[in-house]
Amino acid sequence: MTSQTMAMIQIPLDIPQVDVLSTEIQPDGKLLIRVESQVETMPCGICGQDVRCTFGHGQEIQLRHLSVLGLETYVCIRPRRCRCYECETEPTTTQVLPWYEQRSPHTKAYDRYLLKQLVNSTIEDVSLSENVGYDAVVGALNRQIDGEINWDEVDDLSTVGIDEIAMRKGRKNYAAIITARQRNGKVQVLAVLPHRKKRQ
């Protein structure tokens, strides 16, 4: 009788500046990917000088990431900490890497994915299909859309789009998304309005 071996594949994580330490599929079907930062320094939060991250690690954080083979996927990292000996109070700073935002429960890649899922859907629907809270989807939306327009990035207003996102299913609660297609083909969000009224 021949022994069976499990087929294995490799999938790129597509997250910069980290080493993968381990992967684990939990009994509830969630995939945990533990990573470690490769970044050795970071700016001091007070004086701005680069400080070496040799002051241990912070508490582990779990960030929801893009699903792998249908499994809810989380990236786990213990952020590196540093202490600045140039400042009088010798403050400590916890490292934040470019692929996530401080106090966000998601990676930036997952935030972008949630924003795409909102096309022709509601926040409530995306919340249910992705098994994330309603407020988490709203938070992803807010993090992806700036509060003010950077007009230096807008080079063309000849094609303007007005779309709606239903905030809740079956209720007349909409947000209007105003966009403009730029010369390079990129769609720039100009505004998110709380209603569909002509006068603001």
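Residues numbered from 1 in each chain as written. Predicted model: local features only at pLDDT ≥ 70, side-chain atom pairs only at ≥ 80, totals over all residues. Heavy atoms only, no water.

## Some words on the overall build of the protein chain
Piece 1. The helix and strand tally for the protein chain stands at three helices and eleven strands.
Piece 2. When the elements of the protein chain are put in sequence order from the N terminus, they spell out β-β-β-β-β-β-β-β-α-α-α-β-β-β.
Piece 3. A burial count over the protein chain gives 32% of its 200 residues as buried.
Piece 4. Counting only carbon and sulfur atoms, one obtains 48% of the accessible surface of the protein chain, whose full area is about 13700 Å². (Helix = DSSP H or I, 4+ residues; strand = E, 2+ residues; numbered from the N terminus. Buried < 20%, exposed > 50% of the residue type's maximum accessible area, 1.4 Å probe, protein only. Areas by Shrake-Rupley, 256 points an atom, 1.4 Å probe, with all protein chains shown as cover.)

## A few points about the pairing of strand 6 (residues 71-77)
Within a regular strand, the side chains alternate between the two sheet faces.
Piece 1. The buried count for strand 6 comes to six of seven residues, which makes it a mostly enclosed element.
Piece 2. Taken together, the five bridges between strand 2 (residues 31-37) and strand 6 define a ladder with parallel strand orientation. Among the inter-strand pairings, Val35 is bridged to a residue of strand 6, identified as Ile77.
Piece 3. In the sheet, strand 5 (residues 61-68) pairs with strand 6 via six bridges, with the strands oriented antiparallel. By the bridge assignment, Gln62 is partnered in strand 6 with Cys76.
Piece 4. Connecting the antiparallel pair strand 5 and strand 6 is a turn made up of two residues, with Leu69 showing a positive phi of about 50°. (Pairing = 2+ DSSP bridges.)

## Comments concerning the packing of helix 1 (residues 108-117) against helix 3 (residues 134-144)
Piece 1. Closest axis-to-axis distance for the helix 1/helix 3 pair is 9 Å, and the angle between their directions is 100°. By the angle between their axes, helix 1 is roughly perpendicular relative to helix 3. Contacts between helix 1 and helix 3 involve Lys108, Asp111, Arg112, Leu114 and Leu115 on the former and, on the latter, Ala140, Leu141, Arg143 and Gln144. (Axes fitted to C-alpha atoms, helices over the stretch in contact; angles between N-to-C directions. Parallel < 35°, antiparallel > 145°, perpendicular 65-115°, else oblique. Contact = heavy atoms within 4.5 Å.)

## Focus on helix 2 (residues 123-130)
Piece 1. Within helix 2, burial applies to Ile123, Val126, Ser127 and Glu130. In an axial view of helix 2, the angular spread of the buried residues amounts to 105°, which keeps them on one side of the axis. Relative to its buried face, helix 2 has exposed residues pointing more than 90 degrees away, namely Leu128 and Ser129.
Piece 2. Backbone geometry just downstream of helix 2 places Asn131 in the positive-phi region, at approximately 60°. (Arc of directions from axis to C-beta.)

## As for unusual backbone geometry
Piece 1. Positive phi, normally seen in glycine, also occurs at Asp14, with a value near 60°.
Piece 2. Here Asp14 shows up in the segment before strand 1 (18-25).
Piece 3. Even without glycine at this site, Arg103 takes up a positive phi of about 65°.
Piece 4. With respect to the helices, strands and loops of the structure, Arg103 is situated in the loop between strand 8 (92-94) and helix 1.

The quantities given are spatial measurements derived from coordinates; they are silent on function.
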